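# Report on the structure
Here's the letter readout for the chains.
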Amino acid sequence: MTTILALVVLAVGTYLVKAAGPFTAAGRELPAWLDRLANLVPAGLLAALVATQTVVDGASLTLDARIVGVAAAAVAVALRAHFGIVVLVGAGVTAGVRALGWG
């Protein structure tokens, strides 16, 4: 029962914290520098997530087929391919490298 109570308290607290932002900033514009920064945050977080999921295995760094797949996807991005194509290229190259026995 204590676990359920803790879960409910944490859920309500999380909801209140997330709701506080729109209520406190309602009707006000963000400064231009903060607006530009807020637009960059999702890209930085996604890059950090991809980087850590690519080269970290538990508590150690590892280089395997995932790094080759990310590199192939980066080439597809540089060639301005559509998002779906980028994902397919990355997954396909990773699968191919693993089929060849590496990673």
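Residues numbered from 1 in each chain as written. Predicted model: local features only at pLDDT ≥ 70, side-chain atom pairs only at ≥ 80, totals over all residues. Heavy atoms only, no water.

This brings us to the overall build of the protein. Tallying secondary structure elements over the protein gives four helices and two strands in all. When the helices and strands of the protein are read in sequence order from the N terminus, they spell out α-α-β-β-α-α. For the protein, whose C-alpha radius of gyration is 21 Å, the value lies well above the compact-globule estimate of 13 Å for 103 residues. With the C-alpha coordinates of the protein rotated into their principal frame, the extents come out at 55 × 45 × 25 Å. Across the 103 residues in the protein, those meeting the buried criterion constitute 12%. Restricting the contact set of the protein to residue pairs at least 6 apart, pairs at least 24 apart contribute 41%. Roughly 8200 Å² of accessible area belongs to the protein as shown, and the carbon and sulfur atoms make up 74% of that amount. (Helix = DSSP H or I, 4+ residues; strand = E, 2+ residues; numbered from the N terminus. Rg over C-alpha atoms; globule rule 2.2 N^0.38 Å. Buried < 20%, exposed > 50% of the residue type's maximum accessible area, 1.4 Å probe, protein only. Contact = heavy atoms within 4.5 Å. Areas by Shrake-Rupley, 256 points an atom, 1.4 Å probe, with all protein chains shown as cover.)

With that settled, consider helix α2 (residues 32-55). In this model α2 runs 36 Å from its N-terminal to its C-terminal C-alpha over 24 residues, within 8% of the 34 Å that 1.5 Å per residue would give. Bending of α2 peaks at approximately 30° at the position of Leu40, with proline Pro42 no more than four residues after it. (Expected span 1.5 Å × (residues − 1). Bend = angle between axes of the 7 residues up to and from the residue.)

Below, the discussion takes up the side chain of Thr54. Structurally, the position occupied by Thr54 is in helix α2. Assessed through its relative accessible area of 7%, Thr54 is described here as buried. Among residues more than four places away in sequence, those in contact with Thr54 are Thr62, Asp64, Arg66, Ile67 and Val70.

The full count for this structure, using the stated rule, is one salt bridge. With a closest N to O distance of 3.1 Å, Asp64 and Arg66 form a salt bridge. For Arg66, a relative accessible area of 22% gives the class partly exposed. (Salt bridge = Lys/Arg side-chain N within 4 Å of Asp/Glu carboxyl O.)

Glancing now at unusual backbone geometry. Despite not being glycine, Arg80 has its phi angle at roughly 65°, a positive value. One can find Arg80 in the loop between α3 (65-78) and α4 (83-99).

All right, on to a nonpolar patch on the surface then. A contiguous nonpolar surface patch, about 710 Å² in accessible area, is contributed by Met1, Ile4, Val8, Val12, Tyr15 and Leu16. Looking at where Leu16 falls in the secondary structure, it is placed in helix α1 (residues 2-25). Using a relative accessible area of 53% as the deciding quantity, one classes Leu16 as exposed. (Patch = residues over 30% accessible without salt bridge, like charges linked within 9 Å, V, L, I, M, F, W, Y side chains within 5 Å.)

To continue, consider α1. With 24 residues, α1 should reach 34 Å at 1.5 Å per residue; the first-to-last C-alpha distance of 35 Å fits that figure. Within α1, only one of the 24 residues are buried, which leaves the element largely exposed. Phi turns positive, to about 80°, at Gly27, one or two residues after α1.

It is worth spelling out the packing of α2 against α3 at this point. Orientation of α2 relative to α3, taken along the N-to-C sense of each, is 145°, at an axis distance of 8 Å. Across the interface between the two elements, Val50, Gln53, Thr54 and Val55 of α2 pack against Arg66, Ile67 and Val70 of α3. A breakdown of the residues in the contact of α2 with α3 according to their chemical character gives four nonpolar, two polar and one charged. (Axes fitted to C-alpha atoms, helices over the stretch in contact; angles between N-to-C directions. Nonpolar A, V, L, I, M, F, W, Y, C, P; charged D, E, K, R; others polar.)

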